[in-house]
Amino acid sequence: MSTTNTKSVLLVVVLMTIAALGQAQFRPSLISRDTICLGDSVEVKLTFDAGFNGEVYADGSHLEDNCKVTGDGTNSLTLKLENSNCGVFQNSFDQTFMVFVNVAQRQNLIQDGDMAFLIQCKYDIDTSVTIRAGDVEVGRLSTELVENTAAPPQIRLTMWEGSDINSKGTSSASFVDIGQSLLLVASLEDDTVYKNVLLYNCRAFSAADPSFEVELIDSAACINGALYNDIITTDSVEKTVNGDSPVEKWISFKAFKFPDADIVRFECQAFACFNPEDCDNTVNLNVKNDKILLWKNIIFDINLQTLWD
């Protein structure tokens, strides 16, 4: 994963012993504790030096089957707790999820030497990235369009031939005619952690002189109403779920170019969200139509990862 000019995702996991319920030695010995912080849950894997037949459970939730796991004589076991259940509590100020976990040598019994831990997952994350598609040339040379982004989050910006996401071409566009129907698509490639994406600040500009540019989608995720019908053919940023990618945000438009060169470049910003219902606050053009500027110099003054072709 490229780390140049980016704030990468930081998953900080604090796993510490809170209490030993006595001074007797725990059998079998616990030799490792591994924790994975997911978007909606936490997984804790415990490994022992011999077969374990006790149980591990969230404190106060022993009677709930989905909040505990019982040893079967093997050397390791994994407890998965959803962030909304099993006594997991959230500190919304710093996006921290915490839960107390008990490790008992015997089932249904707490005895001298048993252990308790505080599991803490801290999501100190800046999920903003700037994504850039490759060049698209109108009327002359063929140019590579696609460049994958590095995870996390894994977001790709692609240009396709077609007027609708369900009827797009089989390969990305690189050589097109003026007026040809195109799709600008931002794809969330992996939804293991992130569930949705917001597409905004999309612009097209001349490869020869970047001062010639036009805004397609503004900072509020609204299309440029001044271009609607003449160039942009969708009245808002559209969303498709479980198509070629888990989530796609896209607009359709007619191919155009600037007077000084045949090559047109496209650049957008995208923001990945943990919850499926987030990142969908696109505003219809009828609300923003009278506030759109056709020409605008866009300056990126924040330290974000830029993906070039």
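What counts and what doesn't
Residues numbered from 1 in each chain as written. Predicted model: local features only at pLDDT ≥ 70, side-chain atom pairs only at ≥ 80, totals over all residues. Heavy atoms only, no water. Helix = DSSP H or I, 4+ residues; strand = E, 2+ residues; numbered from the N terminus. Buried < 20%, exposed > 50% of the residue type's maximum accessible area, 1.4 Å probe, protein only. Contact = heavy atoms within 4.5 Å. Areas by Shrake-Rupley, 256 points an atom, 1.4 Å probe, with all protein chains shown as cover. Disulfide = S-S within 2.5 Å. Pairing = 2+ DSSP bridges. Core = buried A, V, L, I, M, F, W, Y, C linked by side-chain atoms within 4.5 Å. pLDDT = per-residue confidence, 0-100. Salt bridge = Lys/Arg side-chain N within 4 Å of Asp/Glu carboxyl O. Phe/Tyr/Trp six-rings, centres within 6.5 Å; stacked < 30°, edge-to-face > 60°. Lys NZ or Arg CZ within 6 Å of the ring centre and 35° of its normal.

### Observations regarding the overall build of the chain
Working step 1: In terms of helices and strands, the chain carries 1 helix and 19 strands.
Working step 2: A burial count over the chain gives 47% of its 309 residues as buried.
Working step 3: Taking all contacts inside the chain whose residues are at least 6 apart in sequence as the whole, residues at least 24 apart take part in 64%.
Working step 4: Accessible area of the chain: about 15,000 Å², with a carbon and sulfur share of 47%.

### Concerning the state of the cysteines
Working step 1: Following the criterion strictly, the structure yields 4 disulfides and no others.
Working step 2: The disulfide bridge from cysteine 37 ends at cysteine 121, spanning 2.0 Å between sulfur atoms. Here cysteine 37 and cysteine 121 share a disulfide; its torsion about the S-S bond, -85 degrees, makes the bridge left-handed. Of the two residues, cysteine 37 sits in strand β2 (residues 30–37) while cysteine 121 sits in strand β9 (residues 115–124), which places them 84 residues apart along the sequence. Residues cysteine 37 and cysteine 121 agree in their burial class; the two are buried.
Working step 3: Across the disulfide from cysteine 273 sits cysteine 279; the S-S distance is 1.8 Å. Note on the cysteine 273 and cysteine 279 pair: the S-S dihedral is about 70 degrees, so by sign convention the disulfide is right-handed. For the pair shown, cysteine 273 and cysteine 279 are each scored as buried.

### What to know about the environment of phenylalanine 205
Working step 1: Checked against the element boundaries, phenylalanine 205 lands in strand β15 (residues 196–206).
Working step 2: Residue class for phenylalanine 205 comes out buried when judged on its relative accessible area of 4%.
Working step 3: Taking the C-alpha atoms as reference points, phenylalanine 205 and lysine 257, separated by 52 residues in sequence, lie 8.6 Å from one another.
Working step 4: Not counting chain neighbours up to four residues away, the residues in contact with phenylalanine 205 comprise Arg132, Pro210, Phe212, Glu213, Phe258, Ile263, Val264, Arg265 and Glu267.

### Some thoughts on the pairing of strand β3 (residues 41–48)
Working step 1: Burial analysis of β3 places 6 of its 8 residues in the buried class, the great majority of the element.
Working step 2: As paired elements, β2 and β3 share 7 bridges and run antiparallel to each other. What sits directly across from serine 32, in β3, is threonine 47.
Working step 3: What sits between the antiparallel neighbours β2 and β3 is a turn of 3 residues.

### Observations concerning the nonpolar core
Note that soluble globular proteins tend to have their nonpolar side chains buried in a common cluster.
Working step 1: Ile131, Ile155, Leu184, Leu216, Phe256 and Phe266 are the most contacted members of the largest nonpolar core, which totals 35 residues.
Working step 2: Elements represented by at least two residues in this core include exactly β10 (128–132), β12 (155–161), β14 (181–188), β15, β16 (213–217), β18 (247–254) and β19 (263–273).
Working step 3: Among the nonpolar cores identified, the runner-up in size contains 25 residues, and Val88, Val101, Val103 and Tyr123 belong to it.

### Digging into the confidence of the model for the chain
Working step 1: With 76% of its residues at a pLDDT of 70 or more, the chain has an overall mean of 77.
Working step 2: Within the model, pLDDT remains below 50 along residues 1–23, and this stretch shows 59 contacts once partners closer than five positions in the same chain are excluded.
Working step 3: Note on residues 141–151: pLDDT is under 50 here. Beyond four places in sequence and across chains, it has 35 contacts.

### Quick look at the pattern of salt bridges
Working step 1: Applying the stated criterion across every chain, the model contains 9 salt bridges.
Working step 2: A salt bridge links glutamate 248 to lysine 168; its shortest N-O distance comes to 3.3 Å. Of this pair, glutamate 248 sits in strand β18 while lysine 168 sits in the loop between β12 and β13 (175–176), placing them 80 residues apart in sequence. Across this residue pair, the class does not change: glutamate 248 and lysine 168 are buried.

### A closer look at the packing of aromatic side chains
Working step 1: All chains considered together, the criterion is met by 7 aromatic pairs.
Working step 2: For the ring pair phenylalanine 256 and phenylalanine 258, a centre distance of 6.1 Å and an interplane angle of 85 degrees mean the geometry is edge-to-face. By the burial criterion, phenylalanine 256 is buried, and phenylalanine 258 matches it.
Working step 3: Among the aromatic residues, those joined into a ring-pair cluster are Phe253, Phe256, Phe258 and Phe266.
Working step 4: For lysine 168, the ring lying beneath its charged end belongs to tryptophan 160, and the centroid distance is 4.4 Å.

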